[in-house]
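Results of the structural survey
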There are 2 protein chains.
Amino acid sequence: MEQALQSQPPSPRPGRLAVIGLGPGAPELMAPAVRDELDRAQDIVGYTTYVRMAGPFRPDQRTLDSDNRCEMDRARLALRLAAEGRHVVVVSSGDPGIFAMATAVMEALEQADEPAWRAVDLAILPGISAAQAAAARAGAPLGHDFCIISLSDNLKPWSQIERRLEHAALGDFVMALYNPSSKARPWQLGQALDLLRRYRAPATPVVLGRDVGRPAEQLTATTLGEVWPEQVDMRTVVIVGSSLTRQFRRDGGGAWVYTPRWYPEAEGA
Amino acid sequence: MEQALQSQPPSPRPGRLAVIGLGPGAPELMAPAVRDELDRAQDIVGYTTYVRMAGPFRPDQRTLDSDNRCEMDRARLALRLAAEGRHVVVVSSGDPGIFAMATAVMEALEQADEPAWRAVDLAILPGISAAQAAAARAGAPLGHDFCIISLSDNLKPWSQIERRLEHAALGDFVMALYNPSSKARPWQLGQALDLLRRYRAPATPVVLGRDVGRPAEQLTATTLGEVWPEQVDMRTVVIVGSSLTRQFRRDGGGAWVYTPRWYPEAEGA
């Protein structure tokens, strides 16, 4: 027993930490590299819903799931385990680099300034984000310059969100709005839509994509004049067209929505 | 023989058209659904480089590759073949919905207003776009609100591109610049960087991702003050940080780049 303890190296060889994106949810849209990391992982860290979505896991794999609010705690736990030599995967839905766990891991890594954490073999594996999945189902609303904006004011002031919406509107960008609404943030989306209505015509196409790529998928093509906040919850991504975004009839019902590749000269607009 | 000809229906049953995204180039980042469409396709339509990247194909599969400039011709060809009953795949790199073929197919479909084209089983399958692949290698520069802007003025006036860059800068968005430079468009990137330097500090992190996810991958973390246009060609995506984007030392050389999840209150900024 003492022998065994003595033979243990004083600081173990660092392990691997892969921050992965599951994509929209359908296994056929998840990158094979992500599937491979999940298969090789010893520890799987993430928000319960996403860990469940990434599974099932083998009995020799350990899942460390937790509430969605403690992103920094999860990031630190994952770095600590990897520094101890474990093969760790941090699970995000969509793309881990877009309003997800890659940023929290970066923040934790920089703040801790721990040599053992810095030595971890750290990889970020991208995934298809919610706006891309919804856009693909709707046609091609993101076919020209666009912004992705989170409406969550948990970590940024609402004034900054309004400033971004205003400049996105003035620049005539298509916008994909993430985290549009939740029980704790009931008024933000209505205020954002009111702001956008000052710059864009009522006929501007709007796409609502809820759980796109999952069994309960819902896709709605509507307009800025007609959309109302109660159609939207936290699992919905809202795409608001530019002044050029168009809709046309789709065989079988509904509409195709796309933003042309061209932009008229100022004189011809 | 005559029997066989007579038994052919006057208008064939419409086929399928899948507009797919190969992702950055590495097979392990391509969605299994895309691999499946490529395996099932009878006709593969696309720019030569991307068709080659999507292959190899079986002898019974037909590749119809062409020069990159005739996007609308390719879109119409694909719709016509699918309307004739073929199983057609249109190949884009990255995400077909982001400055790629999905928009051209939508434009062709709306303009032609052909009932047989409208009856085609049309699906758009998303992929991981160049900015996502470069961001994942760099850390998490797209971890907060961001824009994707094409610097190509082939189909839009340069004045509109400048307007978008200005509003993206005023809104303090991270920016990913697509099509930053080519032999036919040598001065645009320099002018864009000069414009951004009026709004952002010289220390603002800039990431250059060239051929990320392909064998010749090059990733450069630099700053707005130090980047020069000659470092960039048409196969490079340029990510310019917001006022909050940070870099820190990476073990093994280079830097990690990320944009924090939070934004300071106006008073504390």
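Structural notes, computed from the coordinates.

Right, let's talk about the overall build of chain A for a bit. When its secondary structure is counted, chain A shows 9 helices and 13 strands. The C-alpha extent of chain A, read off along each of the three principal axes, is 80 × 40 × 35 Å. Expressed as a percentage of its 269 residues, the buried residues of chain A come to 57%. Considering only contacts in chain A between residues 6 or more positions apart, those separated by 24 or more positions represent 69%. As displayed, chain A offers around 11,400 Å² of accessible surface, 51% of which is attributable to carbon and sulfur atoms. Here chain A holds 29 positive side-chain charges and 32 negative ones, and the gap between their average locations is 3 Å.

Before going further, it helps to spend a moment on the nonpolar core. Soluble globular proteins tend to pack their nonpolar side chains together in the buried interior. Counting 46 residues, the largest nonpolar core has L165(A), L177(A), L165(B) and L177(B) as the members making the most contacts within it. Setting aside residues up to four positions removed in sequence, L165(A) forms contacts with I149(A), L151(A), M175(A), L177(A), A192(A), L195(A) and L196(A).

Paired through their backbone hydrogen bonds, the strands of a sheet run either parallel or antiparallel. Residue and element names in this part refer to chain B. Taken in spatial order, the 5 strands line up as β3-β2-β4-β1-β5 in an open sheet, and their pairing is parallel. Single-partner strands in this sheet number two, and they are β3 (62-66) and β5 (121-125). Looking at each pair of strands side by side, their axes are set apart by 15° on average, direction ignored. Where strand β2 (residues 43-47) lies against strand β4 (residues 87-92), 4 bridges are found, and the strand directions are parallel. Paired with I44 across the bridge in β4 is V89. In the packing of helix α2 (residues 32-40) onto the sheet, contacts are made with β1 (16-21), β4 and β5, and the angle to β1 comes to roughly 135°.

Another point: the interface of chain A and chain B. The interface of chain A with chain B comprises 68 residues on the first partner and 68 residues on the second. Both sides together, the interface formed by chain A and chain B hides about 6,300 Å², and carbon and sulfur atoms give 59% of it. Summed over the three residues of chain A that lose the most area to chain B, namely E110(A), R164(A) and R261(A), the buried surface amounts to 12% of that side. Two residues, R164(B) and D145(A), come together in a salt bridge whose shortest N-O distance is 2.7 Å.

Let's shift gears to the relation of the copies chain A and chain B. Here two copies of a chain appear, and what relates them is a rotation about an axis with a shift along it. Overlaying chain A on chain B yields an RMSD of 0.0 Å, the required transformation being a rotation through 180° with an accompanying axial translation of 0.0 Å. In short, the pair behaves as if placed about a two-fold rotation axis. Residue C147(A), judged by its C-alpha, is the member of chain A lying nearest the rotation axis, at 2.0 Å. With an isologous cut-off of 70% or more, the 100% of interface residues of chain A that recur at the interface of chain B puts this contact in the isologous class.

With that out of the way, let us pick up helix α9 (residues 188-197) of chain B. Residue and element names in this part refer to chain B. Counting buried residues in α9 gives 7 out of 10 residues, a clear majority hidden from the surface. Where α9 is concerned, the buried positions are Q188, L189, G190, A192, L193, L195 and L196. Where α9 is buried, its residues contact α8 (158-170), β8 (174-178) and β11 (236-240).

Residue and element names in this part refer to chain A. A cis amide bond, omega 5°, links G55 with the succeeding residue P56. In this structure, P56 sits in the loop between α3 (48-54) and β3 (62-66). Positive phi, close to 50°, is recorded for F99, a residue that is not glycine. Relative to the assigned elements, F99 resides in the loop between β4 (87-92) and α5 (101-112). Positive phi values are uncommon outside glycine, yet D172 reaches one of about 55°. The exposure class assigned to D172 is buried, which follows from its relative accessible area of 4%.

Attention now goes to the pairing of β11(B). Residue and element names in this part refer to chain B. With respect to burial, β11 is a largely interior element, 5 of its 5 residues being buried. Neither face of β11 is exposed, since T236, V238 and V240 on one face and V237 and I239 on the opposite face are all buried. As paired elements, β8 and β11 share 3 bridges and run antiparallel to each other. Residue A176 lies in a different strand from β11, and its bridge partner there is I239. Of the pairings in the sheet, the one linking strand β9 (residues 205-210) to β11 comprises 5 bridges and is antiparallel in character. Its bridge partner being in β11, L208 is matched across the sheet by V238.

Conventions adopted
Residues numbered from 1 in each chain as written. Chains lettered and ligands numbered in written order. Predicted model: local features only at pLDDT ≥ 70, side-chain atom pairs only at ≥ 80, totals over all residues. Heavy atoms only, no water. Helix = DSSP H or I, 4+ residues; strand = E, 2+ residues; numbered from the N terminus. Buried < 20%, exposed > 50% of the residue type's maximum accessible area, 1.4 Å probe, protein only. Contact = heavy atoms within 4.5 Å. Areas by Shrake-Rupley, 256 points an atom, 1.4 Å probe, with all protein chains shown as cover. Lys, Arg positive; Asp, Glu negative; His and termini not counted. Charge placed at Lys NZ, Arg CZ, Asp CG, Glu CD. Core = buried A, V, L, I, M, F, W, Y, C linked by side-chain atoms within 4.5 Å. Pairing = 2+ DSSP bridges. Axes fitted to C-alpha atoms, helices over the stretch in contact; angles between N-to-C directions. Buried area = accessible area lost by both parts, 1.4 Å probe. Salt bridge = Lys/Arg side-chain N within 4 Å of Asp/Glu carboxyl O. Least-squares fit on C-alpha atoms with pLDDT ≥ 70 in both.

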